[in-house]
Amino acid sequence: MVDQELAKAFEGIGEEYDRYRPGFPDAAADVILPEGVDAVLDLGAGTGKFTALLLDRAERVTAVEPSATMLEVLRVKLPTVEALAGGAESIPLPDGAVDAVTVAQAFHWFDRDAACAEIRRVLVPGGVLGLLWNHSDPTCAWDRACHRVAHPAVTEDADSTTASAADELPGFAFDHRTETSWSEQISRADYIRRWLTVSSFLAADEDTRTDMVARLDSILDTDPATVGRDTFTLPMITDVFVYRAVGSGG
Ligand SMILES: C[S@@+](CC[C@H](N)C(=O)[O-])C[C@H]1O[C@@H](n2cnc3c(N)ncnc32)[C@H](O)[C@@H]1O
């Protein structure tokens, strides 16, 4: 069940999200669109962090996103992308409009069945659906500990984000799943600022948020890999799920 209060947490941010959130490796886009397509839709596109990787892989790229502030940043960054206000449960495109739909870091916010029906409707028969998420690397103890501050209920076995990508999605056949490991250099200050763009930090009241940041600082001040350092190497895993539309659709 989607927490609507948390889902709304992104309404007010755009520039900070774009500046501090990680991007995605090219390999993740290659997994979904190995040969390129005519038209692709990036759904829940945010500020266009994944949308940007689609420009070399499709003739026409459309982005749909409910947050006006996120869309504003996307329109400035990616002026050739058709950027539309809208949600996954009511996509502002005609039937069979695109060959592929991508959803980066957002499918867990959707009303799953309604979104699947809409995605199926706007896809051509046999079209591709690619769902992807960036994850912390389980071997990185300090990043895992920081994740537990933001998402106390998440365990290694029960991640509510990728759990929303089940083998069975109505109207779709599961094709394959790929994990890509990569890493980035990030300053301690930007690492903390990144957490401030995460839904649970955005939705927290000021006292709770201050306490959460203090807990992050305490982890970074004690872990041997981060104590006394201004910059860290942050390992990351991008998890990609690829599906094909089945049946006659909309
Ligand atoms: C974590 S952000 C990911 C943004 C972007 N795809 C990225 O990877 O940087 C989640 C995005 O999903 C959007 N979102 C939330 N609920 C949605 C819905 N029902 N339909 C479409 N997008 C939604 C939010 O506004 C937000 O931009």
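See above for the structure.
All of these numbers come straight from a predicted model, not from anything done at the bench.

Draft legend 1. Spotlight on the overall build of the protein chain. A tally of regular secondary structure across the protein chain gives ten helices and seven strands. Across its three principal axes, the protein chain shows a C-alpha extent of roughly 55 × 35 × 35 Å. Burial analysis of the protein chain (250 residues in total) assigns 37% to the buried set. Taking contacts inside the protein chain between residues at least 6 apart in sequence as the whole, the part at least 24 apart equals 76%.

Draft legend 2. Spatial organisation of the pairing of strand β1 (residues 37-43). Counting buried residues in β1 gives five out of seven residues, a clear majority hidden from the surface. As paired elements, β1 and strand β4 (residues 98-104) share three bridges and run parallel to each other. Bridge pairing in β4 links aspartate 42 to threonine 102.

Draft legend 3. Looking closely at the sheet that holds strand β3 (residues 82-85). Judged by pairing direction, the sheet is mixed, and its seven strands sit side by side in the order β3-β2-β1-β4-β5-β7-β6 without closing on themselves. Bordering the open sheet on either side are β3 and β6 (172-187), each of which pairs with just one other strand. Each strand axis lies, on average, 20 degrees off the axis of its neighbour in the sheet, ignoring direction. As paired strands, β4 and strand β5 (residues 123-136) are joined by six bridges and run parallel to one another. Across the sheet, the residue bridging to valine 103 is leucine 131, located in β5. Relative to the sheet, helix α8 (residues 188-195) contacts β6 and β7 (231-245), its axis offset from that of β6 by approximately 140 degrees.

Draft legend 4. Geometry of the environment of proline 94. Within the secondary structure layout, proline 94 lies in the loop between β3 and β4. With 27 residues separating them in the primary sequence, proline 94 and arginine 121 have C-alpha atoms 8.0 Å apart.

Draft legend 5. Representation of the packing of helix α7 (residues 141-150) against helix α10 (residues 206-222) in the model. Contact geometry of α7 with α10 gives a least axis separation of 10 Å together with a crossing angle of 165 degrees. The orientation of α7 relative to α10 falls into the category roughly antiparallel. In the packing of α7 onto α10, the handedness of the crossing is right-handed. Residue-level inspection shows Trp142, Ala145, Cys146 and Val149 of α7 in contact with α10, the latter providing Met212, Arg215, Leu216, Ile219 and Leu220. For the contact of α7 with α10, the class distribution of residues is eight nonpolar, no polar and one charged.

Draft legend 6. View of unusual backbone geometry. In the Ramachandran plot, glutamine 105 falls in the positive-phi region, its phi being about 60 degrees despite a non-glycine side chain. Tracing the sequence through the fold places glutamine 105 in the loop between β4 and α6 (112-122).

Draft legend 7. A look at α6. Where α6 is concerned, the buried positions are Ala115, Cys116, Glu118, Ile119, Arg120 and Val122. Elements that come into contact with the buried residues of α6 comprise β1, β4, β5, β6 and β7.

Draft legend 8. Seen up close, the nonpolar core. Formed by 59 residues in total, the largest nonpolar core has its most connected members in Val40, Leu74, Val98 and Val101. Take this core: its biggest share by element is six residues, from β5. Cys140, Trp142, Leu216 and Leu220 belong to the second-largest nonpolar core, a separate cluster that totals five residues.

Draft legend 9. View of α7. Those residues of α7 that sit buried are Trp142, Asp143 and Cys146. The arc that holds every buried residue of α7, seen down its axis, measures 95 degrees, which confines them to one face. At its buried positions, α7 is contacted by β5, α8, α10 and β7.

Draft legend 10. Up close: the environment of threonine 102. One can find threonine 102 in strand β4. Distance from threonine 102 to glycine 130, taken between C-alpha atoms, is 4.7 Å for residues 28 residues apart in sequence. Threonine 102 has contacts with Ile32, Val40, Asp42, Phe50, Leu54 and Gly130, leaving out every residue within four places of it along the chain.

Draft legend 11. The environment of leucine 131, seen in detail. For leucine 131, the position within the fold is in strand β5. Along the backbone, leucine 131 and glutamate 72 are 59 residues apart, and their C-alpha atoms lie at a distance of 23 Å. If near-sequence neighbours (up to four positions away) are discounted, leucine 131 is found in contact with Val103, Phe107, Ala165 and Phe241.

Procedures and definitions
- Residues numbered from 1 in each chain as written.
- Predicted model: local features only at pLDDT ≥ 70, side-chain atom pairs only at ≥ 80, totals over all residues.
- Helix = DSSP H or I, 4+ residues; strand = E, 2+ residues; numbered from the N terminus.
- Buried ≥ 20, exposed ≤ 12 C-beta atoms within 10 Å, placed from the backbone.
- Contact = placed C-beta atoms within 7 Å.
- Pairing = 2+ DSSP bridges.
- Axes fitted to C-alpha atoms, helices over the stretch in contact; angles between N-to-C directions.
- Parallel < 35°, antiparallel > 145°, perpendicular 65-115°, else oblique.
- Left-handed = near helix turned anticlockwise from the far one by under 90°.
- Nonpolar A, V, L, I, M, F, W, Y, C, P; charged D, E, K, R; others polar.
- Core = buried A, V, L, I, M, F, W, Y, C linked by C-beta atoms within 7 Å.
- Arc of directions from axis to C-beta.

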